[in-house]
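# Observations on chain architecture
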Amino acid sequence: MRSYLEATDFWGSASAEALASEFGTPLYVYNERIIRSNLKRLSGLITKYPYVTNYSIKANSNLYLLQIALEEGLSADAMSEGEMRLLLKAGFPPEKIFFVPNNVSADEMKFAVEHNIIVSLDSIDQLDLFGTINPGGKCSVRLNPGVGAGHHEKVVTAGKNTKFAITDDQLDEMFATAAKHDLRIVGINQHIGSLFMDPEPFLKSVVNLLEMAMKFDKLDFIDFGGGYGVPYHKVSEDEQPFDFDSFEKKFEALLDGFVEKAGYVPLFKTEPGRYAFCEGGVLLGRVHAVKTNADRKFAGTDIGMNVLARPTLYGSWHDVEIIHDNKVTTDDPEVITIVGNICESGDIIAKERLLPKITTGDLVCVLDAGAYGYAMASSYNVRRRPAEVLIQLDGTPKLIRRADTWEDLFRGFEI
Ligand SMILES: Cc1ncc(COP(=O)(O)O)c(C=O)c1O
């Protein structure tokens with residue numbers, strides 16, 4: 001078992017203990033070198049055709065990290081007015097923002113229209129609503145290519161069992177609705193789900209979407225969505241990264257086929273979220289108790305399900321490394337369950353894992369926490385969300401979001 005933290009020199013010139021004592025735990029720590037390298041991989045995905053990567057900011061919407069994504073040449077997609085506001089604040093120009101909402105109000109659509117942000121509509125009703133507020137305008141539509149994929153049924157967003165998108169059999173009604181409002185459909189998009197290591201379902205969805213594209217007048221862009229996987233078992237099982245090189249060749253061949261058949265070259269886009277920041281983030285927590293209940297050993301930490309929801313929400317696996325006396329330890333392995341400090345039995349970070357011996361005072365490092373980590377954190381049990389720190393390219397740490405204060409939590413009460 002190889003240490004990811006040591007292999008990547010994750011903490012730079014700092015150490016886990018120094019970061020924990022300066023910023024407290026729990027703490028999200030990001031490594032800029034790893035992040036920039038992953039962003040570069042994404043932005044250079046397709047070189048043969050006009051191509052843009054929209055970073056899907058729901059995965060991690062830290063303002064400072066958004067600015068890094070912008071510097072690395074990415075555009076972005078937003079799911080809400082809040083995400084659009086944040087992107088504008090980060091410096092993304094409107095033409096680099098794509099609003100891909102689901103079931104939103106006219107007000108949210110108006111915000112996009114007033115800021116010249118292109119909107120994708122994902123049902124006939126939403127298209128109709130958009131037409132009433134922006135007659136004669138242009139838009140995109142989100143289509144369901146009939147194939148879904150993802151790490152859990154809750155994140156599969158195409159195929160038969162999903163609330164998202166417009167299906168092939170609804171296209172006639174969709175065109176009629178667009179015509180009713182004189183809307184020009186300039187783009188189509190899809191997103192089939194989150195986290196696939198096998199590219200075949202995605203490539204199948206590309207084939208299907210490109211077939212649907214033939215039913216439209218010349219399109220400005222075609223967006224294939226995100227979902228590229230990250231090896232969450234890289235330490236425990238030596239899981240290999242998503243093979244972008246072979247994926248890119250197969251993807252490009254499908255685009256070749258479309259360009260030949262359609263006789264024009266649109267702008268192609270994808271919109272990954274997880275891949276951009278996942279491996280560049282580690283969640284650091286402190287062990288406050290070790291106990292044995294009915295033969296089961298538990299390490300009790302300050303990493304509650306309010307800090308990292310994925311294991312509780314999806315049963316997701318995160319590799320874990322243990323730091324004892326400021327060093328990664330591999331000593332005296334035993335089976336142990338790592339839990340948090342929330343009043344729920346499902347408050348489990350890592351269940352029955354073979355891990356080095358853990359003692360009170362050790363630090364627990366949850367790997368691959370940079371995506372859907374802080375972004376899904378909450379103040380459940382009236383706990384303050386943690387701080388976020390970036391290990392910069394020169395190795396020094398920088399606070400990029402402070403932890404919540406009690407005032408932050410109580411601000412909304414009007415008594
Ligand atoms: C519309 C849309 N695009 C892109 C993404 C990003 O997916 P991922 O983080 O798996 O790359 C999502 C995630 O749910 C999404 O809903």
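As a further point, take the overall build of the protein. Check the secondary structure of the protein and you find 13 helices and 18 strands. Radius of gyration (C-alpha) of the protein: 23 Å, near the 22 Å computed for a compact globule of 415 residues. Principal-axis analysis of the C-alpha atoms gives the protein an extent of 65 × 55 × 45 Å. Here the protein, with 415 residues, has 54% of them falling under the buried criterion. For the protein, restricting intrachain contacts to residue pairs at least 6 apart in sequence, the fraction spanning at least 24 positions comes to 70%. Surface summary for the protein: the accessible area is close to 17700 Å², and the carbon and sulfur share equals 49%.

Within this structure, the stated rule accounts for 21 salt bridges. Ionic pairing is found between R385 and D404, a salt bridge with its closest N-O pair at 3.0 Å. In this pair, R385 is assigned in the loop between β16 (363-366) and β17 (387-391) and D404 in the loop between β18 (397-401) and α13 (406-410), connecting sequence segments 19 residues apart. For R385, a relative accessible area of 28% puts it in the partly exposed group. In this structure D404 comes out as buried when scored by relative accessible area, which is 10%. Between R401 and E388 there is a salt bridge whose closest N-O contact spans 2.7 Å. Placement of the pair is R401 in strand β18 and E388 in strand β17, with a sequence separation of 13 residues. Within the structure, one salt-bridge network assembled from shared partners comprises E32, R36, K40, E71 and E72.

Where helix α7 (residues 124-133) contacts helix α8 (residues 171-180), the axes come no closer than 9 Å and their chain directions differ by 10 degrees. With respect to their mutual orientation, α7 and α8 come out roughly parallel. For the pair α7 and α8, contact is made by I124, L127 and D128 and by E173, M174, T177, A178 and K180, respectively. Split by residue class, the contact of α7 with α8 holds four nonpolar, one polar and three charged.

Moving on, we get to the environment of S61. Examined against the element boundaries, S61 turns out to sit in the loop between β2 (51-56) and α4 (63-71). Ignoring anything within four residues of it in the chain, the contact list for S61 reads L66 and L86.

All right, on to the side chain of N60 then. Tracing the sequence through the fold places N60 in the loop between β2 and α4. On the basis of relative accessibility, which here comes to 2%, the residue N60 falls in the buried class. Polar side-chain contacts of N60 include one of 3.3 Å to the side chain of Y30.

Examined at the domain level, the protein breaks down into domain 1 (4-12 + 19-24 + 280-407) and domain 2 (44-277). Here the C-alpha centroids of domain 1 and domain 2 sit 32 Å apart. With 24 residues of domain 1 at the interface, the matching set in domain 2 holds 22 residues. In total, about 2000 Å² of surface goes out of reach between domain 1 and domain 2, with carbon and sulfur atoms giving 55% of it. Taking the shortest distance from any N to any O, the salt bridge between K234 and D368 comes out at 2.5 Å. For the pair domain 1 and domain 2, the number of links is nine residue pairs in polar contact (both at pLDDT 80 or more). Across the side of domain 1 that touches domain 2, the residue classes break down as ten nonpolar, seven polar and seven charged.

Let us now look at the environment of M214. Examined against the element boundaries, M214 turns out to sit in the loop between α9 (200-213) and β8 (221-223). The exposure class assigned to M214 is partly exposed, which follows from its relative accessible area of 35%. Distance in space between the C-alpha atoms of M214 and I342 is 52 Å, their sequence separation being 128 residues. The residues touching M214, leaving out its near neighbours within four places in the chain, are F258, K261 and A262.

This part is about the sheet that holds strand β3 (residues 75-78). Taken in spatial order, the eight strands of this closed barrel run β2-β3-β4-β5-β6-β7-β8-β9, and their pairing is parallel. The mean inter-strand angle of the sheet, taken between neighbouring strand axes irrespective of direction, is 30 degrees. Judged from the five bridges that link them, strand β6 (residues 138-142) and strand β7 (residues 184-189) form a sheet pairing that is parallel. Directly across from K138, in β7, lies its bridge partner R184.

A few words on the site of the ligand. Lining the immediate environment of the ligand, one finds 14 residues, of which S194, E271, G273, R274 and Y372 sit closest. In the environment of the ligand, a nitrogen atom lies 2.7 Å from a nitrogen or oxygen atom belonging to the side chain of E271. Between an oxygen atom of the ligand and a main-chain N or O atom of G273, the distance comes to 2.8 Å. Coverage of the ligand by the protein amounts to 93% of the 390 Å² it exposes when considered alone.

Right, let's talk about the nonpolar core for a bit. Among the nonpolar cores identified, the biggest contains 99 residues, and L143, M174, I222, F224, Y228, F251 and I338 are the most heavily contacted of them. Examining the composition of this core, we find that seven residues originate from one element, α9, more than from any other. Non-local contacts of Y228, meaning those with residues more than four positions away in its chain, are made with L42, L45, F196, F202, F242, F244, F247, F251, T270, P272, R274 and Y275. In this structure, Y4, A20, I34 and V389 belong to the second largest nonpolar core, which totals 20 residues.

This part takes up a nonpolar patch on the surface. Where nonpolar side chains cluster on the molecular surface, the patch consists of V382, W406, F410 and F413 and spans about 430 Å² of accessible area. Mapped onto the elements of the fold, W406 is located in helix α13.

Rules behind the numbers
- Residues numbered from 1 in each chain as written.
- Predicted model: local features only at pLDDT ≥ 70, side-chain atom pairs only at ≥ 80, totals over all residues.
- Heavy atoms only, no water.
- Helix = DSSP H or I, 4+ residues; strand = E, 2+ residues; numbered from the N terminus.
- Rg over C-alpha atoms; globule rule 2.2 N^0.38 Å.
- Buried < 20%, exposed > 50% of the residue type's maximum accessible area, 1.4 Å probe, protein only.
- Contact = heavy atoms within 4.5 Å.
- Areas by Shrake-Rupley, 256 points an atom, 1.4 Å probe, with all protein chains shown as cover.
- Salt bridge = Lys/Arg side-chain N within 4 Å of Asp/Glu carboxyl O.
- Axes fitted to C-alpha atoms, helices over the stretch in contact; angles between N-to-C directions.
- Parallel < 35°, antiparallel > 145°, perpendicular 65-115°, else oblique.
- Nonpolar A, V, L, I, M, F, W, Y, C, P; charged D, E, K, R; others polar.
- Polar contact = N/O pair within 3.5 Å; in protein donor to acceptor, adjacent residues only side chain to side chain.
- Domains from an automatic or database assignment.
- Buried area = accessible area lost by both parts, 1.4 Å probe.
- Pairing = 2+ DSSP bridges.
- Near = heavy atom within 4 Å.
- Core = buried A, V, L, I, M, F, W, Y, C linked by side-chain atoms within 4.5 Å.
- Patch = residues over 30% accessible without salt bridge, like charges linked within 9 Å, V, L, I, M, F, W, Y side chains within 5 Å.

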